[in-house]
Amino acid sequence: MGKINAVITGVGGYLPEYILTNEELSRMVDTTDEWITTRVGIKERRILKEEGLGSSYMARKAVKQLIKKTGVDPQSIDCVICATTTSDYRFPSNASIIIGKLGMENAHGFDVSCACCGFLYTLDMASTFVQSGRYKKVIVIAAEKMSSITDYQDRQTCVLFGDGAAAVLVEASEEEGIGFQGSYLRTNGIGLPYLHMKAGGSVCPSSRYTVDHRMHYIYQEGRTVFRYAVTSMSNDVEEVMRQHNLTKDDVNWVIPHEANMRIIEAVTKRLDIPMERVMVNIERYGNTSAASIALALFDFEKQLKKGDNVILTAFGAGFVHGALYLKWGYNGEDAQ
């Protein structure tokens, strides 16, 4: 038996129908389309408006599409990992809900909370499971209902976030030259003061006071986050390239976390990689946290070619950050 490679064999995605435009936001808070576009590069974002539906609903939609596209038998799935900061409940996990509702009776599953790095960290984990020989088929999901923790009275943050989900199937393969190649993941642990939710955890449980003082929403010090994000993401990509003897000309695609267009531009400028080799969809979806890289794969799937060198990079609350290197496993234009 040859070396086992972990290969993405399909991508599914789901975006809510409702589109929240900059023009509508400008009627909610003191902002303008020009200000939002200039500062963060976002024109619109999708919002899950229906009552009683959470991030696991969008995740199930994405997984159903993935199953249909790949033809994989739900009973053959060994493990389901869901990256989310906005799970339906504190417990049980989104993964357990997804497994139960989609009838993946032979799978176990769990959630991972790594903020905007969630998809990166879970994909690394799934690839390790597969390469070890322990599992043959793992579904990695990133699903976020960011609108549920966004304060639409705060003009600094409410323009940024949107909802969505995407999923990939990671399978074992003995074919050489494709699949997961390596990663460089780091947590520096200094980010708590700059990006967090003040209440709702065990340090500050929910109460009438926390609700009245609007403490259950995203708090962010944008300038500090921006600075660390640019430095970390560009350094992480350079480190992965160094580890695998890649030059900038060897990289077919960079897929950055879609947080802010100015961050993406600053990172790619530091890397000296042209924007036409960078997957960007922030204009249409905003920042979907853990789901953003997965949704970019979903959007750009048909442009990917087998053997393409693809580098993913992200930065999130904590601070957590990193980069991951894949050799793409199939011609996207052949996907259903």
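What comes next is a walk through the structure. Note that the structure is a prediction, hence the values are computed from the model and not measured.

Turning to helix α7 (residues 222-243), a few remarks are in order. Taking 1.5 Å per residue as the helical rise, α7 with its 22 residues ought to reach 32 Å, and the 31 Å between its terminal C-alpha atoms agrees with that figure. Trailing α7 by a residue or two, Asn 245 shows a phi angle of about 55°, which is positive.

Across all of its chains, the model carries 9 salt bridges by this definition. Between Asp 272 and Lys 248 there is a salt bridge; the shortest N-O distance is 2.2 Å. With a gap of 24 residues between them, Asp 272 in the loop between α8 (261-271) and α9 (282-285) and Lys 248 in the loop between α7 and β11 (253-256) connect regions that are remote in the sequence. Taking the shortest distance from any N to any O, the salt bridge between Arg 284 and Asp 299 comes out at 2.8 Å.

Those residues of α8 not exposed but buried are Met 261, Ile 263, Ile 264, Val 267, Thr 268 and Leu 271. One face of α8 carries all of its buried residues, which in axial projection span an arc of 160°. In the core, the buried residues of α8 are packed alongside α2 (33-40), α7, β11 and α9. Regarding α8, its N-cap is Asn 260, as a side-chain oxygen of that residue lies 2.7 Å from the backbone nitrogen of Arg 262 further along. Looking one or two residues beyond α8, the residue adopting positive phi is Asp 272, at roughly 60°.

A few words now on empty space enclosed by the protein. By the definition in use, this model includes 1 cavity of 30 Å³ or more. Empty space within the largest cavity amounts to approximately 30 Å³. In the lining of the largest cavity, the residues fall into 4 nonpolar, 2 polar and 1 charged.

The subject of this paragraph is the sheet that holds strand β12 (residues 309-316). Here we have 4 strands laid out as an open sheet, ordered β8-β13-β12-β11, and mixed in their pairing. Looking at strand neighbours, the two that pair on one side only are β8 (179-187) and β11, the edges of this open sheet. With direction set aside, neighbouring strand axes in the sheet form an average angle of 15°. Sheet strands touched by α7: β8, β11, β12 and β13 (320-327). Its angle to β12, the strand with the most contacts, is close to 150°.

Within β13, 7 of the 8 residues are buried, which leaves the element mostly enclosed by the surrounding structure. Across 8 bridges, β8 lies against β13 in antiparallel orientation. Counted as the bridge partner of Tyr 184 is Ala 323 from β13. For β12 and β13, the ladder comprises 8 bridges, and the chain directions are antiparallel. Its bridge partner being in β13, Leu 312 is matched across the sheet by Leu 324. With antiparallel pairing between neighbouring strands as the criterion, β12 and β13 make up a hairpin whose turn holds 3 residues, including Gly 318 at a positive phi of roughly 140°.

Counting 48 residues, the largest nonpolar core has Phe 119 and Leu 312 as the members making the most contacts within it. Within the second largest apolar cluster, 41 residues are counted, among which are Leu 25, Cys 158, Val 225 and Phe 319.

Moving on: the sheet that holds strand β6 (residues 137-145). Read from one edge to the other, the open sheet built from 5 strands follows the order β1-β7-β6-β4-β5, with strand pairing classed as mixed. Every other strand in the sheet has two partners, leaving β1 (5-14) and β5 (108-112) as the edge strands with one partner each. Direction aside, neighbouring strands of the sheet carry axes that sit 20° apart on average. In the sheet, strand β4 (residues 79-83) pairs with β5 via 5 bridges, with the strands oriented parallel. In the sheet register, Val 80 faces β5, and the bridge partner there is Gly 109.

Conventions and cut-offs
- Here, residues in each chain are numbered from 1, in the same order as that chain's written sequence.
- Local features in this predicted model are restricted to residues of pLDDT 70 or higher, and side-chain atom pairs are both shown and tallied only at a pLDDT of 80 or more, whereas totals for entire chains, interfaces and linings draw on every residue.
- The basis for every side-chain value is the complete set of non-hydrogen atoms in the structure, without hydrogens or water.
- Put simply, DSSP H or I for four residues or longer makes a helix, DSSP E for two residues or longer makes a strand, and each gets a number counted from the N terminus.
- Expected helix span is given by 1.5 Å per residue-to-residue step, counting one fewer step than there are residues.
- Here, a salt bridge means any Lys or Arg side-chain nitrogen found within 4 Å of an Asp or Glu carboxyl oxygen.
- Three exposure classes are used, based on accessible area relative to the maximum for each residue type with a 1.4 Å probe and protein chains only: buried under 20%, partly exposed in between, and exposed over 50%.
- Think of the arc as the fan of directions from the helix axis to the C-beta atoms.
- Residues are treated as being in contact if the distance between any of their heavy atoms lies within 4.5 Å.
- Two N or O atoms form a polar contact when they lie within 3.5 Å of each other; inside protein one atom must be a possible hydrogen donor and the other a possible acceptor, and for residues adjacent in sequence the pair counts only when both atoms belong to side chains.
- Only protein atoms enter the 1 Å grid used here. Points where a 1.4 Å probe fits but cannot escape make up a cavity, open sets with protein on both sides within 12 Å along at least five of seven lines make up a pocket, and a residue lines them when an atom lies within 4 Å of a point.
- Grid points are joined across faces, edges and corners, and a volume is the space filled by probe spheres set on the points.
- For this scheme, ten residues count as nonpolar: Ala, Val, Leu, Ile, Met, Phe, Trp, Tyr, Cys and Pro. Four count as charged, namely Asp, Glu, Lys and Arg, and the remainder, Gly too, count as polar.
- Being paired, for any two strands, means DSSP has found at least two bridges between them.
- The axes used here are C-alpha line fits, helices contributing only the stretch in contact, and every angle between their N-to-C directions lies in the interval 0 to 180 degrees.
- For this analysis, a nonpolar core means a set of buried residues of the types Ala, Val, Leu, Ile, Met, Phe, Trp, Tyr and Cys, connected via side-chain atoms within 4.5 Å.

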